[in-house]
Amino acid sequence: MTEGHASPVRASLTEGPIDTAAATDAVAGATCGAVVVFLGNVRNHHGGRTVTELAYSAYRPMAQARLEQIVTELEGAATGLRVAIVHRLGVVPIGEASVVIAVASPHRQAAYEASRTALERLKREVPIWKRETYDDGSATWREEEALAPA
Amino acid sequence: MQIRVLAFATAADVIGKEPVEIDLEAGATVDSLGASLCQQFPALEPIWPRLAVAVDGEVVRGSRTLEADAEVALLPPVSGGSIVRDARP
């Protein structure tokens, strides 16, 4: 058993490049036969426009708390599952990862599912915004429409 | 009482990235804070209905009463949708 090797990267925000290996090491262990690593990379296009730069900003204390909550809830829902989520802030160059999600589990199905859920919850629940700059020099905050009131 | 307001993304483009101090009467709600802010920053008015409002890190309804020294954050929708979810009336 490699229980209890708690790592500081399990839910974190960072200004520099994300250390994918560290995120993976934080969750992998002798009890886990499956490790799923998801990289969310910055791409050079959106809606037919050429994107030259993406910058992320966050309401940090709340973003940190919500990332930790997602990790805790996912781990609590499946036996032996371990999750690490690292999100980069500031300018992220094209082709580099803005988010890394590493999930380790005794079996692969739970790891795949938790990886997907972690990303979808992250995009809906964590106060992190991205600003796209285009090749014509214009820039915009990417926002989806607010949900209709319940 | 003084309320500290932080804004992000499109809301920060309107009121600035630095915290704004707003003076409100005791018992003021999130909605009355919104009215004061929109008066001070008219460009905020079209954005306001889309914002989630967090008080001390927790998303609250417009009817929530504010305490003195509260930290209020204006949170535009995030890329996967609104973090408001069902918190606004």
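Computed from a prediction, not measured in an experiment: that's the story for all the values here.

## Description of the layout of surface pockets
Next, step 1: There is about 380 Å³ of room inside the largest pocket.
Next, step 2: Together, 23 residues line the largest pocket, and Tyr 56, Ser 98, Lys 123 and Lys 130 of chain A together with Ser 79 of chain B are the ones closest to its centre.
Next, step 3: Looking at the lining of the largest pocket, the elements that each hand over two or more residues are strand E2 (34-41), strand E3 (45-46), strand E4 (49-58), strand E7 (97-105), helix H3 (108-125) and strand E8 (128-134) of chain A.
Next, step 4: In the lining of the largest pocket, the residues fall into 11 nonpolar, seven polar and five charged.
Next, step 5: What lines the second largest pocket is a set of 13 residues, and nearest its centre among them are Ser 57 and Trp 141 of chain A together with Ala 9, Ala 12 and Lys 17 of chain B.
Next, step 6: The set of elements that each furnish at least two residues to the lining of the second largest pocket consists of E4 of chain A together with strand E1 (2-7) and helix H1 (9-15) of chain B.
Next, step 7: Looking at which element gives the most residues to the lining of the second largest pocket, the answer is E4 of chain A, with four residues.

## Some remarks on the sheet that holds strand E5 (residues 71-75) of chain B
Two modes of strand pairing occur in sheets, parallel and antiparallel, and in both the strands are linked by backbone hydrogen bonds.
All names here are of chain B.
Next, step 1: With mixed pairing, five strands are arranged side by side in an open sheet as E2-E1-E5-E3-E4. Of all strands in the sheet, those with a lone pairing partner are strand E2 (20-23) and strand E4 (58-60), marking the two edges. Direction aside, the axes of adjacent strands within the sheet are offset by 35 degrees on average.
Next, step 2: Looking at chain direction, E1 and E2 are connected through four bridges and run antiparallel. Bridging across to E2, Val 5 finds its partner in Val 20.
Next, step 3: Lying on the sheet, helix H2 (residues 30-40) is in contact with E1, E2, strand E3 (52-55), E4 and E5; it crosses E2 at an angle near 115 degrees.

## Observations regarding unusual backbone geometry
With the exception of glycine, the majority of residues adopt a negative phi angle, and the majority of peptide bonds are in the trans configuration.
Residues and elements named next belong to chain B.
Next, step 1: You will see that Ala 9, though not glycine, has its phi angle at about 50 degrees, which is positive.
Next, step 2: Turning to its location among the elements, Ala 9 is positioned in helix H1.
Next, step 3: Positive phi, close to 70 degrees, is recorded for Asp 69, a residue that is not glycine.
Next, step 4: Residue placement: Asp 69 occurs in the loop between E4 and E5.

## Some points on the pairing of strand E5 (residues 82-88) of chain A
Residue and element names in this part refer to chain A.
Next, step 1: With seven of seven residues buried, E5 is to be regarded as a mostly interior element.
Next, step 2: Of the two faces of E5, the one holding Arg 82, Ala 84, Val 86 and Arg 88 and the one holding Val 83, Ile 85 and His 87 are both buried throughout.
Next, step 3: Pairing of strand E1 (residues 11-14) with E5 involves four bridges; the strand directions are parallel. What sits directly across from Leu 13, in E5, is His 87.
Next, step 4: Looking at chain direction, E5 and E7 are connected through six bridges and run antiparallel. Residue pairing for E7: His 87 is matched across the bridge by Val 99.

Procedures and definitions
Residues numbered from 1 in each chain as written. Chains lettered and ligands numbered in written order. Predicted model: local features only at pLDDT ≥ 70, side-chain atom pairs only at ≥ 80, totals over all residues. Heavy atoms only, no water. 1 Å grid on protein atoms, 1.4 Å probe; cavity = no way out; pocket = protein on both sides within 12 Å on 5 of 7 lines; lining within 4 Å. Points joined across faces, edges and corners; volume = space filled by probe spheres on them. Helix = DSSP H or I, 4+ residues; strand = E, 2+ residues; numbered from the N terminus. Nonpolar A, V, L, I, M, F, W, Y, C, P; charged D, E, K, R; others polar. Pairing = 2+ DSSP bridges. Axes fitted to C-alpha atoms, helices over the stretch in contact; angles between N-to-C directions. Contact = heavy atoms within 4.5 Å. Buried < 20%, exposed > 50% of the residue type's maximum accessible area, 1.4 Å probe, protein only.

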